[in-house]
Amino acid sequence: MRSTLTASALALTAAFAASTAFAQGDALSGDLKIFLDTSNPAPRATMEAMIDRFGEMHPELNIETTVIDREAYKTQIRNFLTADAPDVATWYAANRMRPYVEAGLFEDVSDLWAEPEIADNLASTKGAMTIDGKQWGVPYTYYQWGIYYRKDLYDQYGLSEPATFDEMKSNCQTLLDNGVKCYTIGTKFLWTAGGWFDYLNLRTHGYDFHMEMAAGEVPWTDDRVRQTFANWRELIDMGAYVDNHQNYSWQEALPFMVNGDAAAYLMGNFAVAPLREAGLSDDQIDFYQFPAITEGVEMAEDAPTDTFHIPANASNKEAAREFLRFVVSAEEQTIINNGENLGQLPVNASASIDDDKFLEQGFAMLSSNSPGGVAQFFDRDFPAEMAAEAMQGFQEFMVFPDNLDDILARLEQVRERVYK
Amino acid sequence: MTVTALPDTEPPKRGWYKRNEIAVTPWLFLAPAILFFAVYVVIPIFQSFSISLYDWDGLGQAEYIGLGNYAELMNDRAFEVSLWNNLKWLVFYLLAIPAGLFIALFLNQTVTGIRIYKSLFFFPFVLSQVVVGLVFAWFYLPNEGLLSNMLALVGFGPVNVLGDPTWATYGIIAAGLWPQTAYCMILYLTGLNAVDPEQVEAARLDGAKGWKMLWYVIIPQLKPATFIAFVVTIIGALRSFDLISIMTNGGPFGQTRVLSFYMFEKALSEYGFRMGYGAAIAVVLFLIMLVFISYFLWSMYRDEQGGR
């Protein structure tokens, strides 16, 4: 606590010094309108503090921040980008930003990415921000996905973190024999099932195949896709997942793990905070990378990236660009992603990771053990319409695995229409 | 000089408004209503018709595709499911009318504190649909829920009403019936106040009682209340949305969608934004509603004719 405070204070002074040097060159003035979707209390406070720091550096600038509910933001963005554009807006990377890029509503910020400060430090997320060879925004945070598990339960039954699918299944069998479900999941809002498909597909056929699917180049009725589902079915037939998962949201599925009725959860790092709040200590929860399935397929991970963009209709693009530079700077990245704030991974390679075992493991995994590539997430990599239909199909498959042929035929129909 | 000195025998020249006052005034009074009704109801209906002929994501250029969206609807299984669900809603939601009638008959007596009982029965209608949805969603929970626990007492296994594609829609309709029954009850309670006691007396003298009394004497007098209950229930069934959104979010795998929810999903939700397709669904829903609305309007018109 103390060390982070001093660190942030130091970073602040550093940033301040840098800014005064800068301010002499060209002082920013006018209005800067920032729209945020970080409506949960902790992220909201983090972002507002960050904007305050930016404001201190540019006293002439009149900053106006609007925080919009995260879900409502997803529909409102269409209106405000066209009608009353802010200067900076949050959004998501990859295919999720494609509709706005194609409609010409996001500003091309390739010039920022050409600056050495950004080009050198943000290389890992450049792909996710690139469409048609240009960059359309900057990332500000990302987080790993993986399997969060009850270490105490694993220890109790003599299990260790699995490295292969066979170990994963044998672990699961042991747990089931002891009356514990292997994985909790809540598929009411569908996307959680997308995470399972992502990993099973990435591990069965690798990143490139997964991305070919996302680009619509592989029919859903392809035998390789069926192979992925066959692997999935093995887990379903074992009874690996909690029953009635179609009734629960992802939060409502947490108690199964907290109460010890289920041993693990394939989730993003944001699941750690509620698990801790529910009373699990760091000795009880741990993290492992989703095990390998097909031998020789390079490991690839999901790491959804949240981003800042400049709307094409923004009025103060100069100040907006400066704000984007500020957000991705190493100091700010260190501050906003630490455990007290967002508790996620910084996008800047020179930033330091907070002293948190999940962040450290996640960072190590993404930087050294994900040679295949880094995907965003099912509903960000696949076009929205395909993703919606597919995730609904995944949910149906998880409840009625026998419907697979029907589901795949339906998805194939959608694919033919969506990617025409 | 002399001419001007004469008194003016001609009536004063009246303004255009004065001359047409009788004809114009009603229109003036109606003007605000007509304006807003046109802007917010009539014009959007025609706009929906026109958007439904386009392929449009709400952002870029709209591409004219004629009846393409409707052709796609014909082969869309999710649409078919929604249509059937709408039908289920229409049929089963009407149960609120007899249920409301019987509760009203039951409560239509003078006992101490009857007002309290009446307000308690009316209570669910005051609750927001969202709250009703949440309460029923918890009630239906497969393991922790009250329903499963009650069934367990009688020796039945746990049921997962909202997770089972065949039962989920009925589960939601049952939740919807709770407030709707209360609504129909209040309509009938006011109707019962207007029942002519002399007719009841006369019927009693003629030996009518029980079901016969209800069927031949009371219910015919409740016709206006029945009509209103019918209208609000049909319309309520067709616009069911909140409960579905709260209780199942259209799931499991889209089996509880109705047309209004499907339209929302396709046009306005997180993964939607097919405005043309959404508009096409809305048009279909509108046509279905039109059947009922025309019937209601026609029967109201007929009543007015008869009343004169």
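Residue indices begin from 1 for each chain and proceed along its sequence in written order. For this description, chains carry letters from A and ligands carry numbers from 1, given in the order in which they are written. Restriction of local features to residues with pLDDT of at least 70 applies here, the model being predicted, together with a cutoff of 80 or more for giving and counting side-chain atom pairs; totals for whole chains, interfaces and linings are based on all residues.

Some remarks on the overall build of chain B
Phase 1: Within chain B, the secondary structure is distributed over 16 helices and 2 strands.
Phase 2: In this setup the radius of gyration rests on C-alpha atoms only. A globule is expected at 2.2 Å times the number of residues raised to 0.38. The C-alpha radius of gyration computed for chain B amounts to 27 Å, which surpasses the reference 19 Å derived for 308 residues by more than 25%, pointing to a less compact arrangement than a globule.
Phase 3: Structurally, chain B occupies a C-alpha span of about 110 × 75 × 30 Å along its principal axes.
Phase 4: Note on burial: count the other C-beta atoms lying within 10 Å of the residue's C-beta; 20 or more is buried, 12 or fewer is exposed, in between is partly exposed, and C-beta positions come from the backbone. Residues classed as buried in chain B amount to 31% of the 308 residues present.
Phase 5: Considering only residue pairs separated by 6 or more positions, chain B has 68% of its internal contacts joining residues 24 or more positions apart. A run of H or I in DSSP counts as a helix once it spans at least four residues, and a run of E counts as a strand once it spans at least two, with each numbered from the N terminus. Here, residues touch in the contact sense if the C-beta positions derived from the backbone fall within 7 Å of one another.

With respect to the overall build of chain A
Phase 1: For chain A, the count of helices and strands is 20 helices and 13 strands.
Phase 2: Relative to a compact globule of 420 residues, whose C-alpha radius of gyration would be 22 Å, chain A shows 22 Å and is just as compact.
Phase 3: Reported as C-alpha extents along the three principal axes, the dimensions of chain A are approximately 70 × 55 × 35 Å.
Phase 4: Counting only residues that meet the buried cut, chain A has 49% of its 420 residues in that class.
Phase 5: In chain A, the proportion of contacts linking residues at least 24 apart, taken out of those at least 6 apart, comes to 78%.

Concerning the domain arrangement of chain A
All names here are of chain A.
Phase 1: Delimitation of the domains relies on an automatic or database domain assignment. Domain annotation of chain A identifies domain 1 (2-142 + 303-351) and domain 2 (145-302 + 372-418).
Phase 2: Computed over C-alpha atoms, the centres of domain 1 and domain 2 are 31 Å apart.
Phase 3: Contact residues are listed per partner, giving 11 residues for domain 1 and 13 residues for domain 2.
Phase 4: When residues are grouped by polarity, Ala, Val, Leu, Ile, Met, Phe, Trp, Tyr, Cys and Pro land in nonpolar, Asp, Glu, Lys and Arg in charged, and all others, Gly among them, in polar. In terms of residue class, the side of domain 1 that touches domain 2 is built from 6 nonpolar, 4 polar and 1 charged.

A short note on the interface of chain A and chain B
Phase 1: Tallying the contact residues gives 20 residues for chain A and 17 residues for chain B.
Phase 2: The set of elements that each furnish at least two residues to the side of chain A that touches chain B consists of helix H3 (70-82), helix H4 (98-102) and helix H19 (384-399) of chain A.
Phase 3: Looking at the side of chain A that touches chain B, the element that brings in the most residues is H19(A), giving 8 residues.

Quick notes on helix H8 (residues 129-139) of chain B
Residue and element names in this part refer to chain B.
Phase 1: Taken as a whole, H8 has its buried residues at Val132, Gly133, Phe136 and Ala137. Take H8 and look down its axis: the buried residues cluster within an arc of 130°, on one side only.
Phase 2: Residues of H8 that are buried in the fold lie against helix H7 (114-126), helix H10 (168-193) and helix H14 (242-247). The reported arc concerns the directions from the helix axis to the C-beta atoms and nothing else.

Looking at the environment of Glu201(B)
Residue and element names in this part refer to chain B.
Phase 1: Within the secondary structure, Glu201 is located in helix H11 (residues 197-205).
Phase 2: Of the residues examined, Glu201 has 10 C-beta atoms within 10 Å and is grouped as exposed.
Phase 3: Expressed as a C-alpha distance, the spacing of Glu201 and Pro124, which sit 77 residues apart in the sequence, is 35 Å.

A word on the environment of Glu144(B)
Phase 1: Within the element layout of this structure, Glu144(B) appears in the loop between H8 and helix H9 (146-154).
Phase 2: We classify Glu144(B) as exposed; it has 10 C-beta atoms within 10 Å.

Details of the confidence of the model for chain A
Phase 1: pLDDT gives the predictor's per-residue confidence on a scale running from 0 to 100. Across chain A, the average pLDDT comes to 89, with 94% of residues at or above 70.
Phase 2: Taken together, the stretch residues 1-25 of chain A has pLDDT below 50 and engages in 15 contacts with residues farther than four places along the chain or on a different chain.

Some words on helix H10 (residues 191-205) of chain A
Residues and elements named next belong to chain A.
Phase 1: Helix span, expected: 1.5 Å multiplied by one less than the number of residues in the helix. In this model, H10 (15 residues) spans 21 Å end to end at C-alpha, consistent with the 21 Å of a helix rising 1.5 Å per residue.
Phase 2: Across the 15 residues of H10, 15 count as buried, placing the element largely inside the fold.
Phase 3: Looking one or two residues beyond H10, the residue adopting positive phi is Gly206, at roughly 95°.

Topic: the packing of H10(A) against H19(A)
All names here are of chain A.
Phase 1: Lines are fitted to the C-alpha atoms to define the axes, a helix being fitted only along its stretch in contact, and any angle between axes, read from their N-to-C directions, falls within 0 to 180 degrees. Between H10 and H19, whose axes approach to 8 Å, the crossing angle comes to 85°. If you check the angle between H10 and H19, you find them roughly perpendicular. Contact with H10, carried on its side by Trp191, Ala193, Gly194 and Phe197, involves Ala387, Met391, Phe394, Gln395 and Met398 of H19 and no other residues of that element.
Phase 2: Broken down by class, the residue content of the contact of H10 with H19 amounts to 7 nonpolar, 2 polar and no charged. These descriptions rest on fixed angle ranges, namely under 35 degrees for roughly parallel, over 145 for roughly antiparallel, 65 to 115 for roughly perpendicular, and the rest for oblique.

Some remarks on the sheet that holds strand S1 (residues 30-36) of chain A
All names here are of chain A.
Phase 1: Two strands are said to pair when DSSP picks up at least two bridges between them. Taken in spatial order, the 5 strands make up an open sheet running S2-S1-S3-S12-S6, and their pairing is mixed. Each edge of the sheet is formed by a strand with only one pairing partner; in this case those strands are strand S2 (61-67) and strand S6 (138-142). With direction set aside, neighbouring strand axes in the sheet form an average angle of 25°.
Phase 2: Packing of helix H15 (residues 317-328) onto the sheet brings it into contact with S1, S2, strand S3 (88-92), S6 and strand S12 (305-309), and relative to S6 it is tilted by some 30°.

Some remarks on the pairing of S12(A)
Consecutive side chains of a regular strand alternate in pointing toward one face of the sheet and then the other.
Residue and element names in this part refer to chain A.
Phase 1: With 4 of its 5 residues buried, S12 lies for the most part within the structure.
Phase 2: By the bridge criterion, 4 bridges tie S3 to S12 in an arrangement that is antiparallel. Bridge pairing links Tyr92 to Asp306 in S12.
Phase 3: Where S6 and S12 come together, 4 bridges link them in antiparallel fashion. Residue pairing in the sheet places Pro139 in a bridge with Thr307 of S12.

A closer look at the confidence of the model for chain B
Phase 1: The predicted model of chain B has a mean per-residue pLDDT of 88, with 95% of residues at 70 or higher.
Phase 2: Here the predicted complex carries an ipTM of 0.79, next to a pTM of 0.83.

What about unusual backbone geometry?
Residues and elements named next belong to chain A.
Phase 1: One non-glycine residue, Asp132, lies in positive phi territory at about 55°.
Phase 2: Secondary-structure assignment places Asp132 in the loop between strand S4 (130-131) and strand S5 (134-135).
Phase 3: For Asn244, which is not a glycine, the phi torsion comes out positive at approximately 55°.
Phase 4: Mapping Asn244 onto the fold places it in the loop between helix H12 (223-238) and helix H13 (254-258).

Focus on the pairing of strand S9 (residues 262-268) of chain A
Residue and element names in this part refer to chain A.
Phase 1: Burial analysis of S9 places 7 of its 7 residues in the buried class, which makes it a mostly covered element.
Phase 2: Summarising the sheet, strand S7 (residues 145-150) and S9 pair through 5 bridges and their orientation is antiparallel. Within S9, the position partnered with Tyr148 by the bridge is Tyr265.
Phase 3: Two elements, strand S8 (residues 181-184) and S9, share 3 bridges in a ladder whose sense is parallel. Counterpart to Lys181 in the pairing with S9 is Ala262.

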